[in-house]
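Summary of structural features
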Amino acid sequence: MKAVTWQGRRDVRVEDVPDPRIEEPTDAVIRITSTGLCGSDLHLYEVLTPFMTPGDILGHEPMGIVEEVGPGVPDLQAGDRVVVPFQIACGNCWMCLTGLPTQCETTQVTGEGMGAALFGYTRLYGAVPGAQAEYLRVPQAQFGPMKVPEGPPDDRFVYLSDVLPTAWQAVEYAGVPPGGTLAVLGLGPIGDMACRIAKARGAERVFGIDLVPERLARADRDGVETYDLRTFDDEKALVHAIHDETGGRGPDAVIDAVGTEAHGSAAAKLAQTATGLLPRKLSGPLAERFSIDRLGALHMAIDLVRRGGTISLSGVYGGTADPMPMLTLFDKQIQLRMGQANVRRWCDEIMPYLTDEDPLGVDDFATHRLPLAEAPHAYDMFQHKQDGAIKILMQP
Ligand SMILES: NC(=O)c1ccc[n+]([C@@H]2O[C@H](COP(=O)([O-])OP(=O)(O)OC[C@H]3O[C@@H](n4cnc5c(N)ncnc54)[C@H](O)[C@@H]3O)[C@@H](O)[C@H]2O)c1
Ligand SMILES: [Zn+2]
Ligand SMILES: [Zn+2]
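Below is a summary of the structure that appears in this document. (Residues numbered from 1 in each chain as written. Chains lettered and ligands numbered in written order. Predicted model: local features only at pLDDT ≥ 70, side-chain atom pairs only at ≥ 80, totals over all residues. Heavy atoms only, no water.)

The next subject is the overall build of the protein chain. Of the regular secondary structure elements, the protein chain holds 13 helices and 15 strands. In summary, the protein chain has a C-alpha radius of gyration of 20 Å against a globular reference of 21 Å for 396 residues, a match within 12%. C-alpha extents for the protein chain along the principal axes are approximately 60 × 50 × 45 Å. A buried classification covers 56% of the 396 residues belonging to the protein chain. Considering only intrachain contacts with a sequence separation of at least 6, the fraction spanning at least 24 residues in the protein chain is 73%. Here the protein chain contributes 35 positive and 54 negative side-chain charges, whose respective centroids are spaced 4 Å apart. (Helix = DSSP H or I, 4+ residues; strand = E, 2+ residues; numbered from the N terminus. Rg over C-alpha atoms; globule rule 2.2 N^0.38 Å. Buried < 20%, exposed > 50% of the residue type's maximum accessible area, 1.4 Å probe, protein only. Contact = heavy atoms within 4.5 Å. Lys, Arg positive; Asp, Glu negative; His and termini not counted. Charge placed at Lys NZ, Arg CZ, Asp CG, Glu CD.)

Written out as structure tokens, the structure reads:
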């Protein structure tokens, strides 16, 4: 089959790889009909390079049709239409039963000291072949895949794999009080969807911050009060402007939907680039011990949120040597909540929003639909935010 493979920093290629097969009784194989390109894939494209191996299959946002199931998957059969969560979890261990499938004790990548395995996401998360491919082997298929009705387009359901539960959890963790205010840093797919969900769930005012015109414009159309980082002298000035709008205090909650590639700190960019460019043998251990993030967005979130407020972090940070403003975090008595999305935990609550009325606008959420064969172009376009690319779906 054809699959999108990682070959090196900013080098992905569509290659022929062996078809996946059922290997365990709890496996399923699905034929992918739509598969998303995510901001998280951009980390692999560039900063998380030391944790990748050439040939790794990328992708973690699939939906499709079940081809084959193992004997341990009673509720699925060939022909079922399913969407598959990006994380692999058993549904039955202590963590899964607590609503934390991100920490699944059956699939945890203990050798790397990490939580539940993920599709297509480095050896830290189990080096599981990913979903930007014609077919996908789905481990723990007795729990992960969700059946969805025939009829509506893939766009209606594909975001249940990642964007919707991630944005939902971001809003849930933000805990905006009734009539409260929320600021969302980053208006990529995750931040944009978090704004929509927050408004649908009754947040009074939502402030959205980014620096890409079409991303700001799209949020603006949805009633978000948008702020273009580029029009302020510095981040302090932007923080000031939003404080002025919120009684001088700051919003009740801030969602960071940016993560480690924030525009800002040049020093960290240099260090990231240096570890990314070292020969593999050196860069793996070095990156693990010394990798740092660009914390620009997180620092801005800390300045922006009101005292006693909540920061909800959905942007991915991967560094191990980051200096944090602990003094300010403590002094402002901020609540900091974070983590990968616990996908299955939220999907039942999200489902009622996926109707023909389409209150979250999922049917038109994708800005680009491309054949899988054009993946290298898709990655490049998404990274450079060209051609109005906000969300890209690929069709094998
Ligand atoms: N927690 C999870 O389970 C989970 C799931 C999916 C994605 N993510 C993470 O969420 C983040 C966003 O994902 P995405 O798909 O929307 O990616 P994206 O890269 O398209 O979006 C990031 C946005 O942040 C903007 N930005 C950059 N620096 C900024 C700054 N200093 N202030 C404000 N905005 C800034 C960029 O212009 C961009 O629009 C990524 O870090 C991704 O890895 C987490
Ligand atoms: Zn994703
Ligand atoms: Zn589990």
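Let us look at the site of ligand 1. Inspection of the region around ligand 1 gives 31 residues, with Ser 40, His 43, Asp 210, Arg 215 and Ala 341 positioned closest. Interatomic distance of 2.8 Å between a side-chain N/O atom of Arg 215 and an oxygen atom of ligand 1. The contact in question runs from a nitrogen atom of ligand 1 to an N or O atom on the backbone of Gly 339, over 3.1 Å. Every element with two or more residues in the shell around ligand 1 is listed here: helix H1 (39-45), helix H5 (189-200) and strand S9 (205-210). It is H1 that contributes the most residues to the shell around ligand 1, three residues altogether. Partitioned by chemical class, the residues of the shell around ligand 1 number 15 nonpolar, 12 polar and four charged. (Near = heavy atom within 4 Å. Polar contact = N/O pair within 3.5 Å; in protein donor to acceptor, adjacent residues only side chain to side chain. Nonpolar A, V, L, I, M, F, W, Y, C, P; charged D, E, K, R; others polar.)

Before going further, it helps to examine helix H12 (residues 343-350). Along H12, the residues classified as buried are Val 343, Trp 346, Cys 347 and Ile 350. Down the axis of H12, the buried set is contained in an arc of 120 degrees. They therefore lie on one face. On the buried face of H12, the contacting elements are strand S7 (146-147) and helix H4 (163-174). (Arc of directions from axis to C-beta.)

In terms of burial, helix H10 (residues 296-304) is a largely internal element, seven of the nine residues being buried. Every buried residue of H10 is accounted for by Gly 296, Ala 297, Leu 298, Met 300, Ala 301, Ile 302 and Leu 304. Turning to H10, the residues buried within the fold contact strand S8 (181-185), S9, helix H7 (235-245), strand S11 (253-256), strand S12 (310-313) and helix H11 (326-331).

One pass over the structure, following the stated rule, counts six aromatic pairs. Judged by centre distance (6.2 Å) and plane angle (55 degrees), the ring pair of Tyr 121 and Tyr 125 falls under tilted. Residue class for Tyr 121 comes out buried when judged on its relative accessible area of 6%. Using a relative accessible area of 15% as the deciding quantity, one classes Tyr 125 as buried. An aromatic cluster is present here, built from Phe 207, Tyr 227 and Phe 232 joined pairwise through their rings. When the ring centre of Trp 168 is taken as origin, the NZ or CZ atom of Arg 201, which lies over that ring, is 4.2 Å away. (Phe/Tyr/Trp six-rings, centres within 6.5 Å; stacked < 30°, edge-to-face > 60°. Lys NZ or Arg CZ within 6 Å of the ring centre and 35° of its normal.)

A few words on the coordination of the zinc ion (ligand 2). Coordination sphere of the zinc ion (ligand 2), protein contribution only: Cys 38 (SG), His 60 (NE2), Glu 61 (OE) and Asp 162 (OD), at 1.9 to 2.3 Å. Between the four donor atoms coordinating the zinc ion (ligand 2), the angles at the centre fall across 93 to 131 degrees, so the site counts as tetrahedral. Motif for the zinc ion (ligand 2), donor spacing along one chain: C-x21-H-E-x100-D. Taken together, the residues span a long stretch of sequence, with Cys 38 in the loop between strand S3 (28-37) and H1 and His 60 in the loop between H1 and strand S4 (62-69) at a distance of 22 residues. (Donors = N, O, S within 2.8 Å, 3.2 Å for Na, K, Ca; no water. Tetrahedral: all angles 85-135°; square planar, octahedral: opposite > 155°, others 65-115°.)

Within the protein, the zinc ion (ligand 3) binds to Cys 90 (SG), Cys 93 (SG), Cys 96 (SG) and Cys 104 (SG); these donor distances fall in the range 2.3 to 2.4 Å. Metal-centred angles of 104 to 117 degrees between the four donor atoms at the zinc ion (ligand 3) mark the site as tetrahedral. Mapped onto the sequence, the donors of the zinc ion (ligand 3) take the spacing C-x2-C-x2-C-x7-C. The class for Cys 90 is buried, based on a relative accessible area of 9%. Judged by its relative accessible area of 9%, Cys 93 falls in the buried class.

Counting residues in hydrophobic clusters, the biggest one holds 70 residues, and the most contacted among them are Tyr 159, Leu 160, Leu 164, Met 193, Ile 255 and Ile 392. At eight residues, H4 tops the list of elements feeding residues into this core. Excluding residues within four positions of it along the chain, Met 193 makes contact with Val 163, Leu 164, Ala 167, Leu 360, Val 362 and Phe 365. In terms of nonpolar packing, the next biggest core, distinct from the first, is built from 24 residues, Val 254, Leu 295, Met 300 and Leu 329 among them. (Core = buried A, V, L, I, M, F, W, Y, C linked by side-chain atoms within 4.5 Å.)

For the rest of this paragraph, the subject is the packing of H4 against H5. Interaxial distance between H4 and H5 falls to 8 Å at its minimum, and their mutual angle equals 60 degrees. It follows from the interaxial angle that H4 and H5 lie oblique. In the packing of H4 onto H5, the handedness of the crossing is right-handed. When H4 is examined against H5, the residues Val 163, Leu 164, Thr 166, Ala 167, Trp 168 and Val 171 are found in contact with a partner set consisting of Pro 189, Ile 190, Met 193, Ala 194, Ile 197 and Ala 198. Split into classes, the residues belonging to the contact of H4 with H5 amount to 11 nonpolar, one polar and no charged. (Axes fitted to C-alpha atoms, helices over the stretch in contact; angles between N-to-C directions. Parallel < 35°, antiparallel > 145°, perpendicular 65-115°, else oblique. Left-handed = near helix turned anticlockwise from the far one by under 90°.)

Attention now moves to the sheet that holds S8. Sheet architecture is open: six strands sit in the order S10-S9-S8-S11-S12-S13, paired in parallel fashion. Every other strand in the sheet has two partners, leaving strand S10 (225-228) and strand S13 (335-338) as the edge strands with one partner each. This sheet shows a mean twist of 20 degrees between the axes of neighbouring strands, independent of strand direction. Bridge analysis of S8 against S11 gives four bridges, and the strand direction is parallel. For Val 184, the partnering residue across the bridge sits in S11 and is Ile 255. (Pairing = 2+ DSSP bridges.)

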